[in-house]
Every structure is written in structure tokens, then in C-alpha cells.
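Below are the chains, spelled out letter by letter.
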Amino acid sequence: MKHSRSQTKIHVHTLSCGKVYEHLCDNLDSKLDSEACRRIKAHIKGCKNCSALLDSLKKTVYLYKKYPAPELPEKSRKKLFAVIRLDKSKNRAAR
Amino acid sequence: MCILTMKILPDHHTDAALIAKVKNGDERAFTQLVKKYEQTVWGFAFKLCRDKQKAEESFQDTFINVFRKIDQFDSRSKFSTWLYTIVANNCLMHRRKRKLDGLLESFDEAPDVENSEVQKQLAAWDDSPIETMMNKELRERMDAAIQELPDEYKVVFVLRDLEDRTAEETAKILKLSVPAVKSRLRRSRIFLRHKLHDMMTA
Ligand SMILES: [Zn+2]
């Protein structure tokens, strides 16, 4: 029992940082509960680089999410419907 | 139809009903469709172009295309996927016209994370709330950084991280494989992170 536990520990430390990031890529906030995920979680906890990287990546995404986007201008909406009406009448005339 | 079934009907079906009406020339149904998706199209176009005027052009072109090509839409597929495809094609078209300038290739061939960022000693980012850090200088840096991404990468980042589309839907929209979507997302995030790094560690 003791033996197998220490083996798992060795595995945690041999997991490369690049591999860790690859696994996290799909979902930066993914719930890590599978065996592979628990190993990744353990690695991040013990690796300053990986935790700094993960944190900064999350913040990067968050910053872009929070970037204020302008409202759709009302004139743009009006213009669209004007063009569509013109398009329709043109089609009718062509028929 | 009773209210209960209306409630559990997925969006997909309500769209299909609306689109069937548009196909029959129902102008009011088209107005409803525009109202439902105008923010999505406008927001997505703006995030891609990062320019109000270009986003406006893209907004117009997209819905005119929807109106003209609605007969080509297969009602079994998701309307939003089709819509995103039209906007993406619209925004990426300008670049394709100019022909690729080698930027995309240099991105595709650049070493992935295993060999770059993660190998360095990384300084941790400032822990202040993001909202308090959002100033003009940072916004300008963010604009410049995302504009430096090749469009084929930028569109993946916007769809996955800003529009919250799944990897599968993003792949469908861009006609890419899922692994290609994942790799482009990874590279885009690393690239943007790198461009903001010095402002966030001070
Ligand atoms: Zn690590």
C-alpha cells in the first residue's frame, strides 16, 4: 500500500509542465476529478510555474471577456431594414 | 400547443419555426429573427474586427446574406452555427483577398507551449481585481495584441473564449478539426498572455 502511494507521487513529479497545460487547455476551469486530472491538479499545486501560467491565462481570457463592447447603433439596424426592403422590391420587379 | 411543451422546446425548434416563416416570405418573422440575433452578430463582428465601422459593415452583410440565402439553410442544423459561419467568413474574407502574408504559417510552425512559456520562470500576475486594472492603456494593449493574431487564430479565440462556443461547434463553424481548434486556442491564449505580461506583473 505504502509502495504504490509513493509510486503515484513519483508520477506526479515526472508529469511535464507542457503536458499539464495541454490538458487544461480545453477548459481553464474544468472540474478536475478523473485520475489524470488529479495528477494534473497535484502538479499545479506543487509547481510555481504552472500555477502562475494557469492564473495568468485565466486572467487573460477574463480581461478580454470584460472588454467593454459598444452597443449596436440604432442607425445600423434601420439601415439594414431599409436595404432588405429595397432588396425585396428589386426581386419583385425582376419577377 | 400547451405552455408546458413550449417551455421545454429547445431553441432549435423555435428557430426552425421562425425560419420556415422567413422562407415563405414572412417579413415579420425576419424582423423577429434579426431582433433575436442582432446582438450576437454585432458583438461577434466587433470582437473580430475591433473597429466599429467594419463591424457595422459586417453586421449589414451578414443579415443581408441570411435574408438572401435563407433557402440554403438546412433546418436540421443549428441556426446560430450557420450565423457564426457567415460572420466569420465575412470578416476573414478581407484577409484572404489580400493573400496570406506568411503570418499564419509562422504561427502554425512556432513551437508550442511545451518549448516556450512554460519552460521559463514565470512572474505571477498582479492579484488586484481585474475590473480595477481595466484602463485606457491596458485596453489599447489588448487591442494591439489581439490584432497581431492571424485572423484564423483570432476567430478561434473569440468563438471559444468570448462567445463560449464548444470546441466541436467552433470546428464546425470554421470547417476545422477539433484538434486544430484546440491547438489554435492554446497558441492564441499563450500569445495574448505574453503580450499583456509586462503590464500585469508591475
Ligand atoms: Zn509545472
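Thresholds, definitions, all that
- Numbers given to residues run from 1 along each chain, matching the order in which its sequence is written.
- Here the convention is simple: chains get letters from A, ligands get numbers from 1, in the order in which they are written.
- In keeping with the model being predicted, local features are shown solely for residues with a pLDDT of at least 70 and side-chain atom pairs are shown and tallied solely at 80 or more, while totals for entire chains, interfaces and linings include all residues.
- To obtain the side-chain values, all non-hydrogen atoms of the structure were included, while hydrogens and water were left out.
- Secondary structure elements are defined from DSSP: runs of H or I of at least 4 residues count as helices, runs of E of at least 2 residues count as strands, and each element is numbered from the N terminus.
- When a residue's accessible area, from a 1.4 Å probe over protein chains only, is under 20% of the maximum for its type it is buried; when over 50% it is exposed; and in between it is partly exposed.
- Residue contacts follow a heavy-atom distance rule, with two residues in contact if any of their heavy atoms lie within 4.5 Å.
- Each accessible area value is a Shrake-Rupley result obtained with a 1.4 Å probe; residue values ignore everything except the protein chains displayed when judging cover.
- Domain segmentation is taken from an automatic or database assignment of domains.
- Accessible-area loss on putting two parts together, using a 1.4 Å probe and summing over both, is the definition of buried area adopted here.
- We define a salt bridge as a side-chain nitrogen of Lys or Arg found within 4 Å of a carboxyl oxygen belonging to Asp or Glu.
- We call Asp, Glu, Lys and Arg charged. Ala, Val, Leu, Ile, Met, Phe, Trp, Tyr, Cys and Pro are nonpolar, and the rest, Gly among them, are polar.
- Throughout, an axis means a line fitted to C-alpha atoms (over the contacting stretch in the case of helices), and angles, computed between N-to-C directions, take values from 0 to 180 degrees.
- Oblique is the label for every angle not falling under 35 degrees (roughly parallel), over 145 degrees (roughly antiparallel), or within 65 to 115 degrees (roughly perpendicular).
- In this scheme the handedness of a crossing depends on how the near helix is turned from the far one: anticlockwise by less than a right angle means left-handed, clockwise means right-handed.
- Within 3.5 Å is the distance limit for a polar contact, defined as a pair of N or O atoms, with the added protein rule that one can donate a hydrogen and the other accept it, and that residues adjacent in sequence qualify only through two side-chain atoms.

Draft legend 1. Quick look at the overall build of chain A. Within chain A, the regular secondary structure consists of 5 helices and 0 strands. Along the chain direction, N to C, the helices and strands of chain A fall in the order α-α-α-α-α. Split into buried and exposed, the 95 residues of chain A put 39% on the buried side. Across chain A, every contact between residues at least 6 apart in sequence was considered, and the portion connecting residues at least 24 apart equals 66%. Of the accessible surface of chain A, which amounts to about 6,300 Å², a share of 56% is contributed by carbon and sulfur atoms.

Draft legend 2. Up close: the overall build of chain B. If you tally the helices and strands in chain B, you get 11 helices and 0 strands. Listing the helices and strands of chain B from first to last along the sequence gives α-α-α-α-α-α-α-α-α-α-α. Here chain B, with 202 residues, has 48% of them falling under the buried criterion. Surface accessibility of chain B: about 10,700 Å² in total, with carbon and sulfur atoms responsible for 52%.

Draft legend 3. Representation of the domain arrangement of chain B. All names here are of chain B. In terms of domains, chain B is made up of domain 1 (2-95) and domain 2 (101-200). On the domain 2 side, the residues contacting the 15 residues of domain 1 number 19 residues. Here domain 1 meets domain 2 over a buried area of about 1,500 Å², counting both sides, of which 56% is carbon and sulfur. Counting every contact that joins domain 1 to domain 2 gives 3 salt bridges. Lys 78 is the salt-bridge partner of Glu 169, the closest N and O atoms lying 3.3 Å from each other. Elements that contribute at least two residues to the side of domain 1 that touches domain 2 include exactly helix H3 (27-49) and helix H5 (79-98). Counting residues per element, the side of domain 1 that touches domain 2 draws most heavily on H5, at 8 residues. Each residue belonging to the side of domain 1 that touches domain 2 can be placed in one class, and the counts come to 7 nonpolar, 4 polar and 4 charged.

Draft legend 4. Structural context of the packing of helix H9 (residues 151-162) of chain B against helix H10 (residues 167-174) of chain B. Residue and element names in this part refer to chain B. Running from N to C, H9 and H10 point in directions that differ by 140°, and their axes come no closer than 10 Å. When the interaxial angle is binned, H9 and H10 end up oblique. The interaxial crossing formed by H9 with H10 has right-handed handedness. Of the residues in H10, those in contact with Val 155, Val 156, Leu 159 and Arg 160 of H9 are Ala 167, Thr 170, Ile 173 and Leu 174. Each residue belonging to the contact of H9 with H10 can be placed in one class, and the counts come to 6 nonpolar, 1 polar and 1 charged.

Draft legend 5. Here's a closer look at the side chain of Asp161(B). For Asp161(B), the location among the structural elements is in helix H9. Looking at Asp161(B), the relative accessible area reads 7%, which means it is buried. Only 2.8 Å separates the side chain of Asp161(B) from the side chain of Arg189(B), close enough to count as a polar contact. If sequence neighbours within four positions are ignored, Asp161(B) has contacts with Val61(A), Lys65(A), Val156(B), Leu185(B) and Arg189(B).

Draft legend 6. How the structure looks around the interface of chain B and chain A. Taken residue by residue, the interface counts 53 residues in chain B and 41 residues in chain A. Our count for the chain B to chain A interface comes out at 4 salt bridges. We note a salt bridge from Glu56(B) to Lys75(A), for which the minimum N-O separation is 3.5 Å. The interface formed by chain B and chain A holds 14 residue pairs in polar contact (both at pLDDT 80 or more) in total. Those elements giving two or more residues to the side of chain B that touches chain A turn out to be H3, helix H4 (52-69), helix H7 (130-133), helix H8 (136-148), H9 and helix H11 (178-201) of chain B. The element contributing the most residues to the side of chain B that touches chain A is H11(B), with 9 residues. A class-by-class count of the residues in the side of chain B that touches chain A yields 26 nonpolar, 6 polar and 21 charged.

Draft legend 7. Structural view of the side chain of Arg184(B). Residue and element names in this part refer to chain B. Looking at where Arg 184 falls in the secondary structure, it is placed in helix H11. According to the relative accessible area criterion, Arg 184 is buried, its value standing at 14%. Excluding residues that lie within four positions of it along the chain, Arg 184 makes contacts with Asp 108, Glu 152, Tyr 153, Val 156 and Leu 176.

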